[in-house]
Amino acid sequence: MIRFSNVNGDVFIDDRMRDDRLMARNGLALDPGGDYLVATTQSSSADVEAYGRTIRLGRFSYARLRLNKVVEGRHNEFWWAPKTKIFLAKLWALAGGRM
């Protein structure tokens, strides 16, 4: 189970399996078998409980969540609403690509 808590601001979830984008909220639970990119912006943060560990995502952070691998990192991309797809595409490249 992947669960979100302490969500502040705009936290994006890009689901590669369903080609869907969500905004995280407190208590949101995701299917553990998915392939997700979770990204925070310049003014957001969140805690993610996934695969038996807690990942704290501060400002300018991302995490790629898969059943067999978790990749965490920091980015320097600013988010503007009209450029959301470009923002997520750059972070997918940082997180190992969108295969």
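Heads up: the structure comes first, above all this text.
A brief report on the enclosed structure follows. Everything quoted here is computed from the prediction, not taken from an experiment.

Basis of the calculations
Residues numbered from 1 in each chain as written. Predicted model: local features only at pLDDT ≥ 70, side-chain atom pairs only at ≥ 80, totals over all residues. Heavy atoms only, no water. Salt bridge = Lys/Arg side-chain N within 4 Å of Asp/Glu carboxyl O. Helix = DSSP H or I, 4+ residues; strand = E, 2+ residues; numbered from the N terminus. Buried < 20%, exposed > 50% of the residue type's maximum accessible area, 1.4 Å probe, protein only. Phe/Tyr/Trp six-rings, centres within 6.5 Å; stacked < 30°, edge-to-face > 60°. Pairing = 2+ DSSP bridges. Core = buried A, V, L, I, M, F, W, Y, C linked by side-chain atoms within 4.5 Å. Contact = heavy atoms within 4.5 Å. Polar contact = N/O pair within 3.5 Å; in protein donor to acceptor, adjacent residues only side chain to side chain.

**Here's the deal with the pattern of salt bridges**
With the rule as written, the count across this model stands at seven salt bridges. Across the pair Arg-21 and Asp-14 runs a salt bridge whose closest N-O atoms are separated by 3.8 Å. With a shortest N-O distance of 3.5 Å, Lys-90 and Glu-77 are connected by a salt bridge. Taken together, the residues Lys-90 in helix H1 (residues 84-94) and Glu-77 in the loop between strand S9 (70-74) and H1 connect sequence positions 13 residues apart. The class for Lys-90 is partly exposed, based on a relative accessible area of 41%. In the salt-bridge network here, residues are joined through shared partners; they are Arg-16, Asp-35 and Arg-64.

**Comments concerning the packing of aromatic side chains**
Taken as a whole, this structure holds four aromatic pairs when the rule is applied. With centroids separated by 6.5 Å and ring planes inclined at 25 degrees, the aromatic side chains of Phe-78 and Trp-80 adopt a geometry described as stacked. Given a relative accessible area of 56%, Trp-80 falls into the exposed group. Within the aromatic cluster, the residues linked to one another by ring pairs are Phe-12, Trp-79 and Phe-87.

**Quick word on the pairing of strand S3 (residues 20-23)**
Note on strand geometry: in a regular strand, side chains alternate between the two faces of the sheet. Of the pairings in the sheet, the one linking strand S2 (residues 11-15) to S3 comprises four bridges and is antiparallel in character. Bridge pairing in S3 places Phe-12 opposite Met-23. The antiparallel hairpin formed by S2 and S3 contains four residues in its connecting segment, where Asp-19 sits at a positive phi of about 50 degrees.

**Digging into the nonpolar core**
Residues Ile-2, Phe-4, Ile-13, Leu-30, Val-38, Val-48 and Leu-65 are the most contacted members of the largest nonpolar core, which totals 17 residues. Setting aside residues no more than four positions away along its own chain, Leu-30 makes contact with Met-1, Ile-2, Phe-4, Ile-13, Leu-22 and Tyr-36. Formed by 10 residues, the second largest nonpolar core is a distinct cluster that contains Ala-39, Tyr-62, Trp-79 and Trp-92.

**Structural notes on the side chain of Thr-40**
Tracing the sequence through the fold places Thr-40 in strand S5 (residues 36-40). Of the residues examined, Thr-40 reaches a relative accessible area of 0% and is grouped as buried. Separated by 2.6 Å, the side chain of Thr-40 and the backbone oxygen of Gly-58 make a polar contact. Excluding residues within four positions of it along the chain, Thr-40 makes contact with Asp-10, Val-11, Ser-45, Ala-46, Leu-57, Gly-58, Arg-59, Phe-60, Ser-61, His-75 and Phe-87.

**Here we look at the pairing of S5**
For S5, a buried count of five out of five residues is recorded, marking the element as mostly surrounded by other parts of the structure. Both S2 and S5 contribute to a ladder of five bridges, which runs antiparallel. Each bridged residue has a counterpart across the sheet, and for Phe-12 the counterpart in S5 is Ala-39. Sheet topology places S5 next to strand S8 (residues 61-65); four bridges connect them, and they run antiparallel.

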